[in-house]
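A closer look at the structure
The chain contents come next:
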Amino acid sequence: METKYYWMNEVDGVTTIGLSQTGRDEFGNISFATLPKVDSTLAEGGDTLLNIEADKAVSDLATPIAGKVIEINQELKANPDLLNSDDQGISWIAKIKA
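Along each chain, numbering runs from 1 in the same order as the chain's sequence is written. Thresholds applied to this predicted model are a pLDDT of at least 70 for local features of residues and 80 or more for the giving and counting of side-chain atom pairs; totals over whole chains, interfaces and linings are not thresholded and use all residues. Hydrogens and water molecules were not included; the side-chain quantities draw on all heavy atoms of the structure.

Let's talk about the sheet that holds strand E2 (residues 14-19)
Only when DSSP finds a minimum of two bridges between them are two strands counted as paired. Each helix corresponds to a stretch of at least 4 residues labelled H or I by DSSP, and each strand to a stretch of at least 2 residues labelled E; elements are numbered beginning at the N terminus. Taken together, five strands build an open sheet; the order of strands is E1-E2-E8-E7-E4 and the sheet is antiparallel. Of all the strands in the sheet, just strand E1 (6-11) and strand E4 (41-42) have a single pairing partner and so form its edges. Pairing of strand E7 (residues 67-72) with strand E8 (residues 92-97), which is carried by four bridges, proceeds in the antiparallel orientation. For Ile72, the partnering residue across the bridge sits in E8 and is Ala94.

Now the structure itself:
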């Protein structure tokens with residue numbers, strides 16, 4: 001499943017979310033990212049899942065689903081440019097349990 005800016009993959013009530021190709025195209029090369037905190041609860045459409053700084057924009061992106069953040073991609077803290085990849089194994093942002 002994909003929204004405008006995110007791809008999502010749900011397995012057993014846990015949804016892994018990453019930045020979609022549409023998002024990468026719209027924002028350009030991402031150089032900085034702020035991720036949500038593990039154990040935080042996000043409300044769909046109202047809370048920020050990802051804050052990015054990129055070539056074309058600085059933006060807060062709302063979460064596409066509501067739930068509790070159970071894991072974040074720790075690699076993105078040191079290497080936010082991983083979000084520029086279309087490899088879902090390395091470019092995912094967070095895992096959320098509804």
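Looking at the packing of aromatic side chains
Side-chain rings of Phe, Tyr and Trp, where Trp is taken by its six-membered ring, are said to pair if the distance between their centres is within 6.5 Å; with planes under 30 degrees apart they count as stacked, over 60 as edge-to-face, and otherwise as tilted. Here the structure, examined in full by the defined rule, presents one aromatic pair. Relative to Phe27, the ring of Tyr5 has its centre 5.1 Å away and its plane inclined at 40°; by these criteria the two rings are tilted. With Tyr5 in the segment before E1 and Phe27 in helix H1 (residues 21-27), this residue pair connects regions lying 22 residues apart in the sequence. Residue exposure (1.4 Å probe, protein chains only): buried if accessible area is under 20% of the type maximum, exposed if over 50%, otherwise partly exposed. A relative accessible area of 4% means that Phe27 is categorised as buried.

Brief notes about the sheet that holds strand E6 (residues 58-62)
Here we have three strands laid out as an open sheet, ordered E3-E5-E6, and antiparallel in their pairing. At either margin of the open sheet sits one strand with a lone partner, and together these are strand E3 (30-34) and E6. With direction set aside, neighbouring strand axes in the sheet form an average angle of 25°. Across five bridges, strand E5 (residues 48-54) lies against E6 in antiparallel orientation. Bridge pairing in E6 links Thr48 to Ala62. All axes here are fitted lines through C-alpha atoms, helices being fitted over the stretch that makes contact, and every angle between N-to-C directions spans 0 to 180 degrees.

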